[in-house]
Amino acid sequence: MDQPLILDGLRVAEDIKRKVKEKVAGLKEKGIVPCLATILVGDDPSSATYVRMKGNACRKLGIESIRIHLPKETTTEELLATIHELNDRDDVHGILLQHPVPSHIDERKAFEAIHIDKDVDGVTSLGYGQSAFGFGLYPSCTPAAILSIMDYYQLPIAGKHAVVIGRSPILGKPVSQLLLNRNATVTICHSYTQNLEHHVKQADIVVAAVGKPRFVQGDWIKPGAVILDAGYNKGNIGDVDYDACVAKSGAITPVPGGVGPVTIATLVKHTVEAAERKATLQAQ
Ligand code: NAP
């Protein structure tokens, strides 16, 4: 069998960021600075790291980043008030509420409060629904990143059997919809799925979005399958047992350096697109 193709997320992210930079320069000529507001509630160290990485990526590309850090005691009403303020701000083009928020907060209600024009991570029902129908402006960033990696490496999707492990609203479900819209035959697996291994063994494309380190085993992989590992667990470990799966695969994303950097690049891309769209609408 041919050597597996290692899908280099850093390379894909650089390609996206290069195009973003050009768009930022164009906007700045018009006096517009794209701006992403991130909201972190509480002290979860991983969430704090993710938010910091997103802010840093913005700044490196000349995008304004407003970081709002609310205490863990914040109520749903207080969080909603913060989101409404950001919705009303003319200078903010994208809003990212870092998931998860503390359990006493109604996270769904908070996501729904984000204005659709600023929903750059596809978390509102409307944003999700539009992407599912195939005309969404800003699909959820990790699912969009997975598709970008496949497109960058020209990996075929149409007619392939994709098995997605996980059905979360931010990852498993939307990536399944995006793959379906690209004419894959999609099987969605979750914690109630029986004989998971049997399903994965049928897959031409495996998307791992489980949240369990090294969950996908080497002997589950059909020779030549394309493996996209969205997992990010403590110690930089993916949801795929990389060492066991790499030799069986046709192509595979490593962790780190796979889906993660492309997710961040996609978030900044969506923010810049939101700023461009607003400028276009205002000019009409
Ligand atoms: P999540 O909300 O916890 O969802 C996990 C999903 O996996 C659920 O649908 C769950 O099924 C399913 N699952 C759990 N155990 C299973 C089992 N034994 N067999 C089959 N399915 C099982 O997690 P998430 O937010 O989607 O995140 C998934 C992974 O992606 C995590 O590692 C996370 O860190 C990572 N992630 C990475 C990025 C990135 O930028 N790279 C972004 C977001 C998330 P049920 O629905 O039945 O409970």
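A quick note: this is a predicted structure, and the numbers were derived from the prediction, not measured. (Residues numbered from 1 in each chain as written. Predicted model: local features only at pLDDT ≥ 70, side-chain atom pairs only at ≥ 80, totals over all residues. Heavy atoms only, no water.)

## Points about the overall build of the protein chain
Next up, step 1: A count of helical and extended segments in the protein chain gives 10 helices and 9 strands.
Next up, step 2: In summary, the protein chain has a C-alpha radius of gyration of 19 Å against a globular reference of 19 Å for 284 residues, a match within 12%.
Next up, step 3: Dimensions of the protein chain along its principal axes, counting C-alpha atoms only, are 55 × 45 × 35 Å.
Next up, step 4: Looking at the protein chain residue by residue over its 284 residues, the buried ones come to 51%. (Helix = DSSP H or I, 4+ residues; strand = E, 2+ residues; numbered from the N terminus. Rg over C-alpha atoms; globule rule 2.2 N^0.38 Å. Buried < 20%, exposed > 50% of the residue type's maximum accessible area, 1.4 Å probe, protein only.)

## Notes on the site of the ligand
Next up, step 1: Near the ligand there are 22 residues, and of these Arg167, Ser168, Ser191, Ala230 and Tyr232 occur at the shortest range.
Next up, step 2: Contacts to the ligand include alanine 230, whose backbone N or O atom sits 3.3 Å from an oxygen atom.
Next up, step 3: Taken by itself the ligand offers 930 Å² of open surface, and the protein chains cover 71% of this.
Next up, step 4: Take the shell around the ligand: its biggest share by element is 3 residues, from helix α10 (residues 259-283).
Next up, step 5: For the shell around the ligand, the per-class residue count stands at 9 nonpolar, 10 polar and 3 charged. (Near = heavy atom within 4 Å. Polar contact = N/O pair within 3.5 Å; in protein donor to acceptor, adjacent residues only side chain to side chain. Areas by Shrake-Rupley, 256 points an atom, 1.4 Å probe, with all protein chains shown as cover. Nonpolar A, V, L, I, M, F, W, Y, C, P; charged D, E, K, R; others polar.)

## Examining the UniProt feature "domain: Tetrahydrofolate dehydrogenase/cyclohydrolase catalytic" (unreviewed entry) in the protein chain
Next up, step 1: Residues given the UniProt feature "domain: Tetrahydrofolate dehydrogenase/cyclohydrolase catalytic" (unreviewed entry) here are residues 7-121.
Next up, step 2: Taken end to end, residues 7-121 is 50% helix and 16% strand, and its first and last C-alpha atoms sit 23 Å apart. (UniProt positions renumbered as here; feature names shortened; annotations may be inferred.)

## Examining the pattern of salt bridges
Next up, step 1: Applying the stated rule across the entire model yields 13 salt bridges.
Next up, step 2: A salt bridge links aspartate 15 to arginine 18; the shortest N-O distance between them is 2.7 Å. Taken together, the residues span about one helical turn, with aspartate 15 and arginine 18 both in helix α1 (residues 9-29) at a distance of 3 residues.
Next up, step 3: The salt bridge partner of aspartate 117 is arginine 277, with a shortest N-O separation of 3.2 Å. Taken together, the residues span a long stretch of sequence, with aspartate 117 in the loop between α4 (107-113) and α5 (125-133) and arginine 277 in helix α10 at a distance of 160 residues.
Next up, step 4: Residue class for aspartate 117 comes out partly exposed when judged on its relative accessible area of 32%.
Next up, step 5: Judged by relative accessible area, which is 30%, arginine 277 ranks as partly exposed.
Next up, step 6: Residues participating in the shared-partner salt-bridge network are Asp15, Arg18 and Lys19. (Salt bridge = Lys/Arg side-chain N within 4 Å of Asp/Glu carboxyl O.)

## Some thoughts on the UniProt feature "domain: Tetrahydrofolate dehydrogenase/cyclohydrolase NAD(P)-binding" (unreviewed entry) in the protein chain
Next up, step 1: UniProt marks residues 140-278 with the feature "domain: Tetrahydrofolate dehydrogenase/cyclohydrolase NAD(P)-binding" (unreviewed entry), using the numbering shown here.
Next up, step 2: Note that residues 140-278 is 37% helix and 14% strand, and that its end C-alpha atoms are spaced 20 Å apart.

## As for unusual backbone geometry
Next up, step 1: Residue proline 100 is reached from histidine 99 by a cis peptide bond, and omega for that bond is 0°.
Next up, step 2: Position of proline 100 relative to the elements: it lies in the loop between β4 (94-97) and α4.
Next up, step 3: Residue proline 256 is bonded to the preceding valine 255 through a cis peptide linkage, with omega at 0°.
Next up, step 4: Relative to the elements of secondary structure, proline 256 occurs in the loop between β9 (251-252) and α10.

## So, the environment of glycine 218
Next up, step 1: Structurally, glycine 218 can be placed in the loop between β7 (205-208) and β8 (226-229).
Next up, step 2: Judged by relative accessible area, glycine 218 falls into the buried class, the value being 9%.
Next up, step 3: Here the alpha-carbon distance between glycine 218 and leucine 137, two residues 81 residues apart in the chain, equals 36 Å.
Next up, step 4: With residues near it in sequence (within four places) discarded, glycine 218 still touches Ala244, Cys245 and Lys248. (Contact = heavy atoms within 4.5 Å.)

## Comments concerning α1
Next up, step 1: For α1, built from 21 residues, the straight-helix expectation of 30 Å at 1.5 Å per residue is met to within 8% by its first-to-last C-alpha distance of 30 Å.
Next up, step 2: Turning to α1, its buried residues are Gly9, Val12, Ala13, Asp15, Ile16, Val20, Val24 and Leu27.
Next up, step 3: Between the side-chain oxygen at the start of α1 and the backbone nitrogen of leucine 10 there is a gap of 3.0 Å, and the oxygen is on aspartate 8.
Next up, step 4: Glycine 31, located one to two residues past α1, shows a positive phi value of around 80°. (Expected span 1.5 Å × (residues − 1).)

## Section: the nonpolar core
Next up, step 1: If you look at the biggest cluster of nonpolar residues, it comprises 49 residues, and the most contacted ones within it are Leu7, Ile63, Ile146, Ile149, Leu179, Val207 and Leu228.
Next up, step 2: Broken down by secondary-structure element, the contributors of at least two residues to this core are α1, α2 (45-60), α6 (141-152), β5 (161-165), α7 (172-181), β7, β8 and α10.
Next up, step 3: Take this core: its biggest share by element is 10 residues, from α10.
Next up, step 4: Split by domain, this core shows at least three residues from each of two domains, domain 1 (30-115) and domain 2 (140-259).
Next up, step 5: With residues near it in sequence (within four places) discarded, valine 207 still touches Ile146, Val163, Val164, Ile165, Val175, Leu179 and Leu228.
Next up, step 6: Formed by 20 residues, the second largest nonpolar core is a distinct cluster that contains Cys35, Leu97, Phe111 and Val123. (Core = buried A, V, L, I, M, F, W, Y, C linked by side-chain atoms within 4.5 Å. Domains from an automatic or database assignment.)

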